[in-house]
Structure formats: C-alpha cells, structure tokens
Amino acid sequence: MKCPVCGNIDSKVIDSRPTGDSEIRRRRECLRCGGRFTTYEVLESVPIVVVKKDGSRQIFDRAKILNGLNKACYKRPVTPEDMNDLINSIEAELKNTSHTEITSSELGLMVMDRLRDLDEVSYVRFVSVYREFSDIESFLRELETLKKR
Ligand SMILES: [Zn+2]
C-alpha cells in the first residue's frame with residue numbers, strides 16, 4: 001500500500017472493517033509523513049507469504065501447520081477442532097495486522113504461544129522439534145521457563 005502523499009510503502013492500520021463478504025475497508029496512516037488514506041482490500045487476493053530461514057518463500061499453508069500440530073498433539077487431549085481454531089486465530093491475527101509476510105520463526109512462535117495454553121505436553125513437543133535445540137541445555141532452559149509460569 002503506497003502512501004498517496006509521499007509514496008512510502010510502510011503504513012499502519014488505524015481501523016479496519018468489512019464492507020462485503022471478502023472486502024475490507026482500511027484506514028491507514030503513513031509511517032513516514034503521517035498522511036491518512038483509505039484502502040479497500042480483497043481479503044482472498046492477499047496471500048500470506050512465509051519466509052523461511054534460507055530466504056525462500058512459500059504461501060502460508062494451513063496443512064503444514066496442521067501436520068506439525070498433529071505430530072505434537074499425538075495422543076494428547078487436543079481435538080482437531082482445537083487445532084483448527086488455533087490456525088484460524090493465527091490467520092485472523094495476520095490479516096488483522098495486515099501482515100502479508102511473516103518469517104517461519106515468527107509463525108512458529110505464534111503456534112507455540114497458542115499451543116502452550118492448550119496443552120503443555122504438546123507445547124514442549126512442538127518446541128523441541130521446532131526450535132531444533134542445539135544442545136540439551138537450551139532445551140532444559142525452555143522447560144524451566146515453562147515451569148515458572
Ligand atoms: Zn506518506
């Protein structure tokens with residue numbers, strides 16, 4: 001979204017409200033000149049791009065997150081609905097903040113945050129796979145942090 005005043009592409013959303021089934025009206029403020037403008041965005045046409053550690057880009061894929069969750073929640077009291085809700089809430093947050101790009105680490109953190117509230121065992125499993133701990137020490141530190149909560 002280019003600012004019509006100065007052409008800067010960084011703006012923040014002040015207000016957003018749906019104007020139709022797949023359209024949203026956003027009031028934006030330019031981060032450079034402070035100019036305010038309105039955009040109408042079609043929700044589905046703005047896919048979220050996930051930037052991986054090696055710099056490659058992929059379209060946000062629910063199935064991939066679900067796959068990771070399924071592994072972490074194996075034989076745990078987390079239902080498919082819980083997992084769906086979790087992914088929905090991530091999608092909603094990304095759309096709300098009008099993020100079109102997110103790094104895979106940020107995405108992982110968003111999953112962790114939500115999973116921690118759902119089930120701690122699944123959370124620890126997810127963290128251990130996701131963070132690829134370089135050593136047992138850092139994994140134990142994470143567990144300590146968890147215990148203090
Ligand atoms: Zn501007």
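Everything that follows concerns the structure shown earlier in this document.
Quick look at the structure, then. Once a new chain begins, its residue numbering starts again from 1 and follows that chain's sequence as written. Selection of residues for local features in this predicted model requires a pLDDT of at least 70, selection of side-chain atom pairs for listing and counting requires 80 or more, and totals for whole chains, interfaces and linings are taken over all residues. Heavy atoms throughout the structure, all of them, feed into the side-chain values; hydrogens and water do not.

## What to know about the sheet that holds strand β2 (residues 23-30)
Thought 1: Taking strand neighbours across the sheet as the criterion, the 3 strands line up as β1-β2-β3 in an open arrangement whose pairing is antiparallel. Strands at the two margins of the open sheet, each flanked by one partner only, are β1 (11-18) and β3 (36-42). Each adjacent strand pair in this sheet contributes to an overall mean axis angle of 25 degrees, direction not counted.
Thought 2: Here, strands pair whenever DSSP counts at least two bridges between them. Only DSSP runs of H or I with at least four residues qualify as helices, and only runs of E with at least two residues qualify as strands; both kinds are numbered from the N terminus onward. Alignment of β1 against β2, held across 7 bridges, turns out to be antiparallel. Pairing of R17 across the sheet is with R25, part of β2. Interaxial angle, 0 to 180 degrees, is taken between N-to-C directions of lines fitted to C-alpha atoms, where a helix line uses only the stretch in contact.

## Concerning the environment of Y123
Thought 1: Along the chain, the position of Y123 falls in helix α4 (residues 120-130).
Thought 2: Only protein chains enter the calculation, and the probe is 1.4 Å; a residue is then buried if its accessible area is under 20% of its type maximum, exposed if over 50%, and partly exposed in between. For Y123, a relative accessible area of 3% translates into the label buried.
Thought 3: Sequence separation between Y123 and V111 is 12 residues; the distance between their C-alpha atoms is 8.9 Å.

## Topic: unusual backbone geometry
Thought 1: A positive phi angle is found at K75, which is not glycine, with a value near 60 degrees.
Thought 2: Structurally, K75 can be placed in the loop between α1 (62-72) and α2 (80-96).
Thought 3: By relative accessible area, K75 is classed as exposed at 72%.

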